Amino acid sequence: VKLILIFSFFIFSVLSYLFRFIPGFKNWNQNKLSKHCVLHWRTRSYCTSSSNVVHNVESKWLRLLFKMADSSPPHVEDFPSQMRMTQIREIMSKAARMRRTDSGGDLMPNAVAKEIKHFYSGLSTKAEKLEFFLVLERDLGVDHKDVVQVANSLANSQENGLPAILKAEEKLRQALEPAHTQLLSQISKLPGGVKDIVDMRGDLLEGLNEEKDRLARQELQALSSSIKNLLAQWFAVGLLDLRQVTWESPGSILEKVLRYEAVHSMSGWEDLKRRLAPDRRCYIYTHRSMPGEPVVVLHTALEYEIADNIQVILSEPEVDRDACEYELEKRTAAVFYSITSTQKGLSGVDLGNFLIKHVVEELRHEFPNITQYSTLSPIPGFKQWLKLQLSHALEQQANDVPQTLLLEDEQEIIQGSHSNSELSPLSLFKNLLETSDWHLNPSIADCLRKPLVRLCTKYLYKEKRRGFVMDPVGNFHIRNGAWMWRLNWLADVSARGMDNSFGLMMNYKYVLEDVDKNNQQYLLNGTVAASPQFLEPLRA
């Protein structure tokens, strides 16, 4: 084997001169060659070798390839050698599986955490990062054989009394804890470590969407769930700080509030300045390990009554600053019109509900005259849901099965508006919805209003997934204890608003004395608190 490897090194030495002096070889794509060097090193990291000859030959081969790929190659020691990488993996595996003791403290070596953190920061492509995550899950995930063994021990301990059962249960809890949690916990203690892990999970979620292999996808999902559980502990509400953002806030914070806005985009600083006016409030949550990074952003408008469209809020002229105090005393409603989670890596970690409740308490102290708290929320899933319902209804109609999507009076209104058409009311309904800028045509808008409002009410109130409201925004606010209070027609006629929900928006009202009761009924029984005016279209 040694002779073969030495012979291979001789062949590569000859190739180095070919690359150096023969023009055809000299013009080889250097970038691709560099990538092959890195891939070779990454592939070797999965293997182990006890032979110094093998290690020396491979190190010389890497130096040769880097020399061929670049006139000023990085030193091979800039990349962990096979022996060093194997050593890191072995130390990481042992240390991560050690448990915290009263006297020993945390046994994960700080140097290992630093090196792994530095190593990940050097990965540039999605493929490399996904490969890293798979190694992390496969090497430092749950040991399934160990779990089965401990579970069998638990089953056998039933005959030995309660102390034996408790001991076996503790062993099972330890076996079910992924070993990489110790590594990630240690990384979180490093400067910027918490933000690095948040970004790391963001990369993982992004890669998950593109992973085609079923088994790899399941492994990555398990890792994502494990990291999410860690982040949920680290981002508990007691560790978050509420801050009001004003026009006088640091420029770095203002820039991030402007950039992160995901519900109603801002075109520039003037838009941001309007949203920070005296009759507006902007609050953010920051984490103590990420003090300059907004985690969640909530925009609030102080109004005379609960707003029924977003155009009024976004285009309303700024209150006169000289009359500001007098004007704000007349405002009786706080409308939460935009809430944005800024960190993709915190997806699934529930932070927005705490922010809304926290802001309500702040506003109650600052403005005792405000007695109504409501959202003006988008309905992101309605259009897609209605398209599926329409497709199914048209398919039924083609098979001479009576459609049930449109009511008789709705069909008559639609047919009456196009009396010369030979199309069915259902087909006309579909065509009208696909008409460009139909909301600007009063006759078409009047024709579509009743069926769209009724169907959207049905979607929000009746369509469920696993017993809970299907619409993600609706589910979020109902879980928080809000009421489904009012559905608003053509409340957002922007391109995004029309594309999401045909311009419809929802007011979820927070009645403070009902919040806990509504939350409990929804979580235990799936009961949705809804006002009579909201449910009126379903009684038709």
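Residues numbered from 1 in each chain as written. Predicted model: local features only at pLDDT ≥ 70, side-chain atom pairs only at ≥ 80, totals over all residues. Heavy atoms only, no water.

Identification of the chain as Malonyl-CoA decarboxylase C-terminal domain-containing protein from Pocillopora damicornis is taken from an unreviewed UniProt entry.

## Looking at the overall build of the chain
Along the chain, the regular secondary structure elements total 25 helices and 9 strands. Counting only residues that meet the buried cut, the chain has 46% of its 540 residues in that class. Within the chain, residue pairs in contact and separated by at least 24 positions form 73% of the contacts whose partners lie at least 6 positions apart. When the accessible surface of the chain is summed, it comes to about 28,600 Å², and 53% of that surface belongs to carbon and sulfur atoms. (Helix = DSSP H or I, 4+ residues; strand = E, 2+ residues; numbered from the N terminus. Buried < 20%, exposed > 50% of the residue type's maximum accessible area, 1.4 Å probe, protein only. Contact = heavy atoms within 4.5 Å. Areas by Shrake-Rupley, 256 points an atom, 1.4 Å probe, with all protein chains shown as cover.)

## Some points on the pattern of salt bridges
Under the defined criterion, the tally for this structure stands at 22 salt bridges. Of the charged contacts in the structure, one is a salt bridge between D499 and K383, with a shortest N-O distance of 3.4 Å. Taken together, the positions of D499 in helix α23 (residues 495-501) and K383 in helix α18 (residues 382-398) put the pair 116 residues apart, joining distant regions of the chain. In this structure D499 comes out as partly exposed when scored by relative accessible area, which is 47%. (Salt bridge = Lys/Arg side-chain N within 4 Å of Asp/Glu carboxyl O.)

## Thoughts on the packing of aromatic side chains
Per the counting criterion, the structure on display carries 11 aromatic pairs. Geometrically, the ring pair formed by F132 and F133 is edge-to-face, given 5.8 Å between the ring centres and 70 degrees between the ring planes. Judged by centre distance (6.4 Å) and plane angle (75 degrees), the rings of W247 and W269 are edge-to-face. Taken as a pair, W247 in the loop between β1 (240-245) and α13 (251-260) and W269 in helix α14 (residues 269-275) lie far apart in primary sequence, 22 residues in all. (Phe/Tyr/Trp six-rings, centres within 6.5 Å; stacked < 30°, edge-to-face > 60°.)

## Digging into the sheet that holds strand β4 (residues 333-341)
Read from one edge of the open sheet, 7 strands run β1-β2-β3-β4-β5-β9-β8, paired in mixed fashion. The open sheet has two edge strands with one neighbour each: β1 and β8 (483-488). Within the sheet, the average angular offset between the axes of one strand and its neighbour, ignoring direction, is 30 degrees. The pairing of β8 with strand β9 (residues 505-510) spans 5 bridges and is classified as antiparallel. Looking across to β9, one finds that L487 is bridged to M506. Packed on one face of the sheet, helix α17 (residues 352-366) meets β1, β2 (280-287), β3 (290-303), β4, β5 (372-375) and β9 and runs near 130 degrees to β2. (Pairing = 2+ DSSP bridges. Axes fitted to C-alpha atoms, helices over the stretch in contact; angles between N-to-C directions.)

## Notes on the pairing of β2
For a regular strand, side-chain orientation follows a simple rule: the groups alternate between the two sheet faces. In terms of burial, β2 is largely enclosed, as 8 of its 8 residues are buried. Residues R280, C282, I284 and T286 of β2 are buried on one face, and the alternating residues R281, Y283, Y285 and H287, pointing to the opposite face, are buried as well. Pairing analysis gives 6 bridges linking β1 to β2, with the strands arranged antiparallel. The residue of β2 that forms the bridge with L242 is Y285. As paired elements, β2 and β3 share 8 bridges and run antiparallel to each other. Each bridged residue has a counterpart across the sheet, and for Y285 the counterpart in β3 is V296.

## Re the confidence of the model for the chain
Here the chain shows a mean pLDDT of 83. Residues at 70 or above account for 78%. Every residue in residues 23-81 scores below 50 in pLDDT, and together they form 69 contacts with partners more than four places removed in sequence or on other chains. Here residues 99-105 is a poorly scored stretch, pLDDT under 50, and it has 6 contacts once near neighbours within four places are set aside; other chains count. (pLDDT = per-residue confidence, 0-100.)

## Observations concerning α17
For α17, spanning 15 residues, the distance from its first C-alpha to its last is 21 Å, which sits close to the expected 21 Å at 1.5 Å a residue. Among the residues of α17, those classed as buried are G352, N353, L355, I356, V359, V360 and L363. Taken around the axis of α17, the buried residues stretch over an arc of 155 degrees, which confines them to a single face. (Expected span 1.5 Å × (residues − 1). Arc of directions from axis to C-beta.)

## Considering the packing of helix α10 (residues 180-188) against helix α12 (residues 214-234)
The N-to-C vectors of α10 and α12 enclose an angle of 45 degrees; their axes lie 11 Å apart at closest approach. When the interaxial angle is binned, α10 and α12 end up oblique. Crossing hand, α10 versus α12: right-handed. Of α12, the residues touching α10 (which contributes H180, T181, L184, S185 and S188) are L223, S226, I227, L230 and W234. Here the residues of the contact of α10 with α12 are counted per class, giving 5 nonpolar, 5 polar and no charged. (Parallel < 35°, antiparallel > 145°, perpendicular 65-115°, else oblique. Left-handed = near helix turned anticlockwise from the far one by under 90°. Nonpolar A, V, L, I, M, F, W, Y, C, P; charged D, E, K, R; others polar.)

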